[in-house]
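A look at the structure
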Amino acid sequence: LVFGGDGFLLHTVHQYGYGRVYLGLNAGLLGFLLNEAKDLGRVVRNLKEESYDIHTFPVLDGRVESLDGSIRHVSAVNDIYLERATGQTARLDLIIDGHQAVSQLVADGLIFFTALGSTAYSFSAGGMPLHPKLSVLGITPICPHRPRLSPMALPATSKARVEVQVPQRRRVRVVADGTDIVDVRSVEVQVSSTRVSFAYFHGRD
């Protein structure tokens, strides 16, 4: 049981791992990933009667290379995004399944998201909401200047790679579900075979 907001639920998942079932109770603001908890009597009855369904959702895997050559592996329930870390726009090459899809995208960054995470940062950045049970690799540019790249959804089998141009001068960081890595040279993102399990009371849509 997790009492808190969406961010705290994601933090808890990363703290305790994907091999558990998480039932979130909203004590924050939006609570999109959580169950309503205003009627505590009803919450207790639902728990005692096991009146909930368990849903599983895909997560993202990321491989991040920093300027010093170090490699870090990250995962995300919602999203992995790159964003500029200075006053200058980022310049990014986007490679999808080995093919250069975009050369030198001038933007504030790129968001890679799951369908479950499509209504989080991606949606705020102009991305489309997706049904959370879909298995896709979503991409939304952050304030693209050139070219005017649109949000897109790719098959879950796709692998995306982003290479940062002049990363020493136009510094970029990567954020995976709120955890950041600075001074990034490149990142690879794909949908993982790992899934996260959330429980929702009957009637929670």
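Preceding this paragraph is the structure being described.
Residues numbered from 1 in each chain as written. Predicted model: local features only at pLDDT ≥ 70, side-chain atom pairs only at ≥ 80, totals over all residues. Heavy atoms only, no water.

**Structural notes on the overall build of the protein chain**
A tally of regular secondary structure across the protein chain gives 3 helices and 15 strands. Taken over the C-alpha trace, the protein chain has a radius of gyration of 18 Å; the compact-globule value for 205 residues is 17 Å, and the two agree within 12%. Structurally, the protein chain occupies a C-alpha span of about 55 × 30 × 30 Å along its principal axes. In the protein chain, which comprises 205 residues, the proportion classed as buried is 47%. Taking the intrachain contacts of the protein chain between residues at least 6 apart in sequence as the baseline, contacts between residues at least 24 apart amount to 67%. Of the roughly 10200 Å² of accessible surface on the protein chain, a fraction of 51% belongs to carbon and sulfur atoms. Of the side chains in the protein chain, 21 bear a positive and 20 a negative charge, and the two mean positions are spaced by 4 Å. (Helix = DSSP H or I, 4+ residues; strand = E, 2+ residues; numbered from the N terminus. Rg over C-alpha atoms; globule rule 2.2 N^0.38 Å. Buried < 20%, exposed > 50% of the residue type's maximum accessible area, 1.4 Å probe, protein only. Contact = heavy atoms within 4.5 Å. Areas by Shrake-Rupley, 256 points an atom, 1.4 Å probe, with all protein chains shown as cover. Lys, Arg positive; Asp, Glu negative; His and termini not counted. Charge placed at Lys NZ, Arg CZ, Asp CG, Glu CD.)

**What to know about the sheet that holds strand β6 (residues 79-84)**
Pairing in this open sheet of 6 strands is antiparallel, and the strands run β11-β10-β9-β6-β13-β14 from one edge to the other. On the outer flanks of this sheet lie β11 (152-155) and β14 (179-181), each paired with one strand and no other. Neighbouring strand axes in the sheet, compared pairwise and without regard to direction, differ in orientation by 20° on average. With 5 bridges joining them, β6 and strand β13 (residues 172-176) adopt antiparallel strand pairing. Note that in β13 the partner of Ile80 across the bridge is Ala176. (Pairing = 2+ DSSP bridges. Axes fitted to C-alpha atoms, helices over the stretch in contact; angles between N-to-C directions.)

**Focus on a nonpolar patch on the surface**
On the surface, Leu29, Leu30 and Phe32 cluster together into a nonpolar patch covering about 400 Å² of accessible area. Structurally, Leu30 is set in the loop between β3 (24-26) and α2 (40-48). Classification of Leu30 as exposed rests on a relative accessible area of 68%. (Patch = residues over 30% accessible without salt bridge, like charges linked within 9 Å, V, L, I, M, F, W, Y side chains within 5 Å. Salt bridge = Lys/Arg side-chain N within 4 Å of Asp/Glu carboxyl O.)

**Quick notes on the side chain of Glu83**
Relative to the helices and strands, Glu83 is located in strand β6. Residue classification places Glu83 among the buried positions, given a relative accessible area of 16%. In this structure the side chain of Glu83 is engaged in a polar contact, spanning 2.5 Å, whose partner is the side chain of Arg173. Apart from residues lying up to four places away in sequence, Glu83 is in contact with Asp108, Gly109, Tyr121, Arg171, Val172, Arg173 and Val175. (Polar contact = N/O pair within 3.5 Å; in protein donor to acceptor, adjacent residues only side chain to side chain.)

**Concerning the packing of aromatic side chains**
Scanning the model with the defined rule gives 2 aromatic pairs in all. When the centroid spacing of 6.1 Å and the interplanar angle of 45° are considered together, the rings of Phe57 and Phe198 count as tilted. Linking Phe57 in strand β4 (residues 52-66) with Phe198 in strand β15 (residues 184-201), this pair joins segments that are 141 residues apart in sequence. The class for Phe57 is buried, based on a relative accessible area of 4%. (Phe/Tyr/Trp six-rings, centres within 6.5 Å; stacked < 30°, edge-to-face > 60°.)

**Let's talk about the pattern of salt bridges**
Proximity of charged atoms lets side chains of opposite charge pair with each other. For the coordinates displayed, the defined rule picks out 7 salt bridges. Across the salt bridge formed by Arg84 and Asp108, the nearest N and O atoms sit 2.8 Å from each other. Taken as a pair, Arg84 in strand β6 and Asp108 in the loop between β8 (99-107) and β9 (109-113) lie far apart in primary sequence, 24 residues in all. Arg84 gets classed as partly exposed once you look at its relative accessible area, which sits at 30%. Close ionic contact of Glu163 with Arg161 constitutes a salt bridge, the shortest N to O distance being 3.0 Å. Exposure remark for Arg161: the relative accessible area of 22% places this residue in the partly exposed category. Each of the salt bridges in this network shares a partner with another, and the network as a whole consists of Glu83, Arg173 and Asp180.

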